[in-house]
Amino acid sequence: MTPREFLENVVRPNVEDFKTNYGSVRHAYNAVTAVDALAAHLYVWCKTNASSEIAGVSDDTQYRERLAHSSSDFRLLCDIAKAQKHAHLNRGATEVTAAAQVATRSLGWGEARWGEGRWGGPRQVVVTTDGGELRYVEQIVATALTVLETEMSRLKV
């Protein structure tokens, strides 16, 4: 499956399901995992079609790290994906070390970043970073996906 096919057949449907079910941890994890996996698909595509783009990059983890330099939300998405996969992280510098940091809840005025989340404070999937910041996972997914779509456009994938 090409990165474009993966985007259209797996990522977009999972992200759309999460937009509809923004209070569902299951839908959040499916969207996070799909966007994170898209980075791996893009890395593998580059190995065959644009090897100069990944010069010095030995695996998809290093590729994600390279992309994370352009977006803190992309980095956060990767941390959430890794924490959900391993349940608890003991190594590396991450902003999320446990899957339990992702939960459904309502946030009050001033608890989250201005302009994020849905109006009126409905229960939504939120991540609490190790630094104590509350972030809406839906916003993180959207921003991280934009990073990858921009990269795909640049590479003409």
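Bear in mind the structure is a predicted one, so any value in this text is a computation, not a measurement.

So, how was this worked out
- Residues numbered from 1 in each chain as written.
- Predicted model: local features only at pLDDT ≥ 70, side-chain atom pairs only at ≥ 80, totals over all residues.
- Heavy atoms only, no water.
- Helix = DSSP H or I, 4+ residues; strand = E, 2+ residues; numbered from the N terminus.
- Rg over C-alpha atoms; globule rule 2.2 N^0.38 Å.
- Buried < 20%, exposed > 50% of the residue type's maximum accessible area, 1.4 Å probe, protein only.
- Pairing = 2+ DSSP bridges.
- Axes fitted to C-alpha atoms, helices over the stretch in contact; angles between N-to-C directions.
- Salt bridge = Lys/Arg side-chain N within 4 Å of Asp/Glu carboxyl O.
- Contact = heavy atoms within 4.5 Å.

Q: How would you sum up the overall build of the protein chain? Please name residues and give values.
A: Helices and strands together make up the secondary structure of the protein chain, namely 5 helices and 3 strands. Here the C-alpha atoms of the protein chain give a radius of gyration of 16 Å, agreeing with the 15 Å that 2.2 N^0.38 yields for 157 residues. Across its three principal axes, the protein chain shows a C-alpha extent of roughly 45 × 35 × 25 Å. Burial analysis of the protein chain (157 residues in total) assigns 43% to the buried set.

Q: Go over unusual backbone geometry with me, naming the residues and quoting the values.
A: At A87, a residue that is not glycine, the phi angle is positive and equals roughly 70°. Looking at the secondary structure, you find A87 in the loop between α4 (72-86) and β1 (102-105). The class for A87 is partly exposed, based on a relative accessible area of 47%. One non-glycine residue, K156, lies in the positive phi region at around 60°. Looking at K156, the relative accessible area reads 72%, which means it is exposed.

Q: Just give me the short version of the sheet that holds β1, but keep the residues and values in it.
A: One open sheet accounts for 3 strands, arranged β1-β2-β3; its pairing is antiparallel. Whereas interior strands pair on both sides, the edge strands pair on one side only; in this sheet they are β1 and β3 (134-136). In this sheet, neighbouring strand axes are inclined to one another by 40° on average, regardless of whether the strands run parallel or antiparallel. Looking at chain direction, strand β2 (residues 124-128) and β3 are connected through 3 bridges and run antiparallel. Residue V126 lies in a different strand from β3, and its bridge partner there is Y136.

Q: Requested: an account of the pattern of salt bridges, with residues and values cited.
A: Should their charged atoms come close, side chains of opposite charge can pair. Considering all chains together, one arrives at 9 salt bridges under this definition. Ionic pairing is found between E149 and R12, a salt bridge with its closest N-O pair at 2.7 Å. Here R12 lies in helix α1 (residues 3-20) and E149 lies in helix α5 (residues 137-155), a separation of 137 residues in the sequence.

Q: Now, about the environment of M1: what can you tell me, with residues and values included?
A: Residue placement: M1 occurs in the segment before α1. A relative accessible area of 61% places M1 in the exposed class. Apart from the residues within four sequence positions on either side, M1 is in contact with F6, V10 and H41.

Q: Mind laying out the pairing of β2, listing which residues take part and the relevant values?
A: Most of β2 is tucked away, with 4 of its 5 residues classed as buried. Looking at chain direction, β1 and β2 are connected through 4 bridges and run antiparallel. Bridging from a neighbouring strand, V102 pairs with V127 of β2. In this structure, the hairpin formed by β2 and β3 is closed by a connection of 5 residues, where G132 is found at a positive phi of approximately 90°.

Q: Any details on the environment of T143? Residues and values, ideally.
A: With respect to the element layout, T143 can be found in helix α5. Along the primary structure T143 and D73 are separated by 70 residues, whereas in three dimensions their C-alpha atoms are 6.3 Å apart. Apart from the residues within four sequence positions on either side, T143 is in contact with S71 and D73.

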